[in-house]
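One-letter residues, chain by chain:
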Amino acid sequence: MTTQVISPLSKALNDIASGFGGHKIWTMLGWQDIKQRYRRSALGPWWLTISTGVMVAGMGPLYGRLFGQPTAGYVAFVAASLIAWQLINAIINDSCQVFIAAEGHIKQTRLPLSIYVYRVIWRNMIIFIHNLAILLIVYILMPFEVSVSTLLAVAGLLLLLINSVWIGLMLGMLCARFRDIPQIIASLLQIAFFLTPIFWKPEMLGRHQWIAQINPLFHLVEIIRNPLLGKSASLLSWGVVSGVAVIGSIATLSLFSRFRARIAYWL
Amino acid sequence: MAHISAKNLIVDFPIYGAASRSLKNTVLHSATGGSLAKDSADKVVVRALNGLSFEIGEGDRIGLLGHNGSGKSTLLRVLAGGYEPISGTLDMEGSVASMLSISLGMEGEANGYENIVMMCTLMGLGPKEIDKLMPEITEFTELGEFLSMPLRTYSSGMHMRVPFAVATAVKADIVLMDEWLSVGDEAFSKKAQARLQEMLDSAKILVLASHDRKLLESNCNRLFHLEHGHLVEIENL
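Residue numbers restart at each chain and count upward from 1, following the sequence in its written direction. Each chain gets a letter, beginning with A, and each ligand a number, beginning with 1, in the order they are written. Per-residue local features of the predicted model are confined to residues with pLDDT of at least 70, and side-chain atom pairs are confined, for both listing and counting, to 80 or more; whole-chain, interface and lining totals are unaffected and use all residues. The side-chain numbers reported here are obtained from all heavy atoms of the structure, hydrogens and water having been left aside.

Asker: I tried to follow unusual backbone geometry on my own but got confused; where do I start?
Answerer: The general pattern is negative phi for most residues beyond glycine and trans for most peptide bonds. Residues and elements named next belong to chain B. Phi is positive for Glu179, which is not a glycine, with a value near 65°. As for its placement among the helices and strands, Glu179 is situated in the loop between strand 6 (174-178) and helix 8 (186-202). With a relative accessible area of 30%, Glu179 lands in the partly exposed category. Backbone geometry at His228 places phi at a positive 45°, although glycine is not the residue there. Each helix is a run of H or I in the DSSP string that is no shorter than four residues. Each strand is a run of E no shorter than two, and both are numbered from the N terminus. Only protein chains enter the accessibility calculation, which uses a 1.4 Å probe; a residue is then buried when its area is under 20% of its type maximum, exposed when over 50%, and partly exposed in between.

Asker: What exactly am I supposed to notice about the domain arrangement of chain B here?
Answerer: All names here are of chain B. In terms of domain boundaries, chain B breaks down into domain 1 (3-94 + 210-236) and domain 2 (112-203). At the interface, 14 residues of domain 1 touch eleven residues of domain 2. By buried area we mean how much accessible surface two parts lose on assembly, using a 1.4 Å probe and totalling the loss over both. Summed over both partners, the interface of domain 1 with domain 2 buries about 920 Å², with 59% contributed by carbon and sulfur atoms. In the sections that follow, a salt bridge refers to a side-chain nitrogen of Lys or Arg positioned within 4 Å of a carboxyl oxygen of Asp or Glu. Between the two partners, domain 1 and domain 2, sit zero salt bridges. Any pair of N or O atoms that falls within 3.5 Å is considered a polar contact. Within protein, one atom must be able to donate a hydrogen and the other to accept it, and sequence-neighbouring residues count only if both atoms are side-chain atoms. The interface formed by domain 1 and domain 2 contains five residue pairs in polar contact (both at pLDDT 80 or more). Tallying contributions element by element places helix 4 (residues 72-80) first for the side of domain 1 that touches domain 2, with four residues. Each residue is assigned to one class: nonpolar for Ala, Val, Leu, Ile, Met, Phe, Trp, Tyr, Cys and Pro, charged for Asp, Glu, Lys and Arg, and polar for all the others, Gly among them. Grouping the constituent residues of the side of domain 1 that touches domain 2 by class yields six nonpolar, six polar and two charged. The domain boundaries here were taken from an automatic or database domain assignment. We call two residues in contact when some of their heavy atoms are within 4.5 Å.

Asker: Sorry, what's going on with the packing of helix 11 (residues 216-228) of chain A against helix 12 (residues 235-259) of chain A here?
Answerer: In helix packing, the relevant descriptors are the interaxial angle and the interaxial distance, both defined with respect to the helix axes. All names here are of chain A. Every axis corresponds to a line fitted to the C-alpha atoms, with the helix fit spanning only the stretch in contact, and the corresponding angles, defined between N-to-C directions, vary from 0 to 180 degrees. One can describe the packing of helix 11 onto helix 12 by two numbers: an axis separation of 9 Å at closest approach and a directional angle of 115°. Classed by the angle they form, the pair helix 11 and helix 12 counts as roughly perpendicular. Viewed along their axes, helix 11 and helix 12 form a crossing whose handedness is left-handed. Contact with helix 11, carried on its side by Pro216, His219, Leu220, Glu222 and Ile223, involves Leu236, Ser237, Trp238, Val240, Val241 and Val244 of helix 12 and no other residues of that element. The class makeup of the residues in the contact of helix 11 with helix 12 is eight nonpolar, two polar and one charged. Oblique is the label for every angle not falling under 35 degrees (roughly parallel), over 145 degrees (roughly antiparallel), or within 65 to 115 degrees (roughly perpendicular). Handedness of a crossing follows from how the near helix is turned relative to the far one, being left-handed for an anticlockwise turn of less than a right angle and right-handed for a clockwise one.

Asker: Explanation requested: the sheet that holds strand 8 (residues 222-227) of chain B in the structure shown.
Answerer: Sheet strands pair by backbone hydrogen bonding; their relative direction is either parallel or antiparallel. All names here are of chain B. The six strands lie next to each other as 5-6-7-3-8-9, forming an open sheet whose pairing is mixed. Lying at the two open borders of the sheet, with one neighbouring strand each, are strand 5 (96-98) and strand 9 (230-236). Direction aside, neighbouring strands of the sheet carry axes that sit 15° apart on average. Two strands form a pair only when DSSP identifies at least two bridges running between them. Across six bridges, strand 8 lies against strand 9 in antiparallel orientation.

Asker: Would you mind going over the packing of helix 7 (residues 156-167) of chain B against helix 8 of chain B with me for this structure?
Answerer: All names here are of chain B. Close contact between helix 7 and helix 8 brings their axes to 10 Å; oriented N to C, the two are set at 25°. Compared by their axis directions, helix 7 and helix 8 come out roughly parallel. Of the two possible hands of crossing, helix 7 and helix 8 adopt the one that is left-handed. Residues Arg161, Phe164, Ala165 and Ala167 of helix 7 touch helix 8, and the partners they reach there are Phe188, Ala192, Arg195, Leu196 and Met199. A breakdown of the residues in the contact of helix 7 with helix 8 according to their chemical character gives seven nonpolar, no polar and two charged.

Asker: What should I look at first to understand the confidence of the model for chain B in this one?
Answerer: Caution applies to low-pLDDT regions: their predicted coordinates should not be interpreted in detail. Residue and element names in this part refer to chain B. On average, chain B scores 85 in pLDDT, and the residues at 70 or more come to 89%. Mean pLDDT across the elements of chain B ranges from a minimum in helix 3 (residues 34-39), with 41, to a maximum in strand 7 (residues 205-209), with 93. The pLDDT value tells you how sure the predictor is about a given residue, anywhere from 0 up to 100. Confidence over residues 33-40 falls short of pLDDT 50; this stretch has three contacts with residues more than four positions distant or in other chains.

Asker: Explanation requested: the pattern of salt bridges in the structure shown.
Answerer: Side chains that carry opposite charge are capable of pairing whenever their charged atoms lie near each other. Summed over all chains, the structure comprises 21 salt bridges over all chains. A salt bridge links Asp33 of chain A to Arg119 of chain A, with the nearest nitrogen and oxygen atoms 2.8 Å apart. With a gap of 86 residues between them, Asp33 of chain A in helix 2 (residues 23-38) and Arg119 of chain A in helix 7 (residues 114-141) connect regions that are remote in the sequence. Residues Asp33 of chain A and Arg119 of chain A agree in their burial class; the two are buried. A salt bridge links Glu136 of chain B to Arg195 of chain B; the shortest N-O distance between them is 2.5 Å. Linking Glu136 of chain B in helix 6 (residues 127-141) with Arg195 of chain B in helix 8, this pair joins segments that are 59 residues apart in sequence.

Asker: How should a nonpolar patch on the surface be read in this particular structure?
Answerer: A cluster of nonpolar residues, Leu136, Ile137, Tyr139, Ile140, Leu141 and Val146 of chain A, forms a patch on the protein surface that exposes about 630 Å² of accessible area. By secondary structure assignment, the location of Ile140 of chain A is in helix 7. Every patch collects residues that have over 30% relative accessible area and no salt bridge, joining them within 9 Å if they carry like charges and within 5 Å if they are nonpolar side chains (Val, Leu, Ile, Met, Phe, Trp, Tyr). Every accessible area reported is derived by Shrake-Rupley at a probe size of 1.4 Å, with residue values counting cover from the shown protein chains alone.

Asker: Can you walk me through the packing of aromatic side chains in this structure?
Answerer: Working definition: an aromatic ring pair is given by the centre-to-centre distance plus the angle between the planes. Between rings of Phe, Tyr and Trp, where Trp is taken as its six-membered ring, a pair exists when centres lie within 6.5 Å; planes separated by under 30 degrees are stacked, by over 60 edge-to-face, and by other angles tilted. The full count for this structure, using the stated rule, is 21 aromatic pairs over all chains. Ring centres of Tyr265 of chain A and Tyr83 of chain B lie 4.9 Å apart, and the angle between their planes is 45°; this geometry places the pair in the tilted category. Residue Tyr265 of chain A is found in helix 13 (residues 263-266), and its partner Tyr83 of chain B is found in the loop between helix 4 and strand 4 (87-93); the two belong to separate chains. Classification of Tyr265 of chain A as buried rests on a relative accessible area of 4%. Given the relative accessible area of 5%, Tyr83 of chain B is considered buried. An aromatic cluster is defined as three or more aromatic residues linked by ring pairs; in this entry it consists of Tyr63, Phe67, Tyr74, Phe77, Trp85, Phe193, Phe194 and Phe199 of chain A. Lys191 of chain B extends its terminal NZ or CZ atom over the ring of Phe140 of chain B, reaching a point 4.6 Å from the ring centre. The rule for a charge over a ring is simple: NZ of Lys or CZ of Arg within 6 Å of the ring centre, and within 35 degrees of the ring normal.

Asker: Is there a simple way to think about the layout of surface pockets in this case?
Answerer: Empty space among the atoms becomes visible once a probe the size of a water molecule is rolled across them. Computed over the protein atoms alone on a 1 Å grid, cavities are sets of points where a 1.4 Å probe fits but cannot get out and pockets are open sets with protein on both sides within 12 Å along at least five of seven lines; a residue lines them when it has an atom within 4 Å of a point. Grid points are joined across faces, edges and corners, and a volume is the space filled by probe spheres set on the points. In this model, the largest pocket occupies a volume close to 740 Å³. Lining the largest pocket are 29 residues, and of these Val96, Ala97, Ser98, Leu122 and Met123 of chain B lie nearest its centre. Those elements giving two or more residues to the lining of the largest pocket turn out to be helix 6 (103-108) of chain A together with strand 4, strand 5, helix 5 (112-122) and helix 7 of chain B.

In structure tokens:
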């Protein structure tokens, strides 16, 4: 193993690739996180599903009324929206702690750093899959449209996961170095929950739909929510999310190749 | 051929925020005027390793000797791959077993078997290899049915048997150890020492840090004396 001859960029790429190859480790760590959180509780990760379910059951009919929407369609909309949002929200929030939480491992072992990013993504995918049960229940109670477009949910998720890798590395790095950032991100996400069309629709803005359209989080929600409800998302949404993935990955790669070796020292 | 060669290794630990948080510094700056404050970045650096160069070849048993803060543990962590030196080159060849903190990744709520699987996975072993090692590891711990109980129910002596059994289950070319490991009560300790010795004997390179000169003399052929991050002397025994 030669340390200096290899360029920082190829070391960064190697970290990202070999981290992914260490799937036995990150799947184990991800499961372990979930098990640890719910070890002695009877319902385990279903608790999160239940709390999301209660939110859907409570907010769905009420906000449907407030916004003058037909209840059945609106409940399904809120269910799909919340499930998509919770996945995005949790990945962004947890990204802040990827390296901070893995301090012990990072300082003592030579495991690729990206492993801890994949672990966080995996953990949240497990929760997401649990949450899909809510949509199933809604479907049974008030059937919504299921079509070929539903399969696009897989593409939407894949795009989100690609974005999650750079978000995890980027926020993980920034938060390890500047410990105020996790707090900033947490409060921004709280505001974003209301500013992003999650339980309201951009059409409700009338002439001012641009407020929703300029928000990348809206497009991220769209490419998962719409397929879940049997519709495709707009080309704009797919385009924005893909564009963000490319730009974010390039920015992260340049930062990660520069500071990868420094992360252990920041912890 | 297993070997470690280091040229001019330098490791600096940045201590962020220390300067600005120190009242003394703030007061001093105000007393000396603005000139100093301008170049006082909010960053204090501790140089833990300062230009270390050495060659370690197959068959070498290295003892690291030095006071607290002399850089022994830092050097071991650099060799384990946790910290990358900020400058200098480090070439290593051979599989590395790091015994620096063997209980890393243990989970109190999980049972003994689960913990063994977790630690083996972290060492990079696959399910098949773990299945193969499992009987030998569990037998060595002598924990019997306790292994299906959560780890938090173990006494501290029993607790340490698990990571010890795992860490010593796989042979490696290069073994890194910070202080000699000893676990368990008298009878178990003897058994453990024999197992550890066997692992160390089969390693091609051992790097062991300790304050106990006698221990190092009986286990090592070369002693590296570290002082304030410098390698001041290499003593061949």
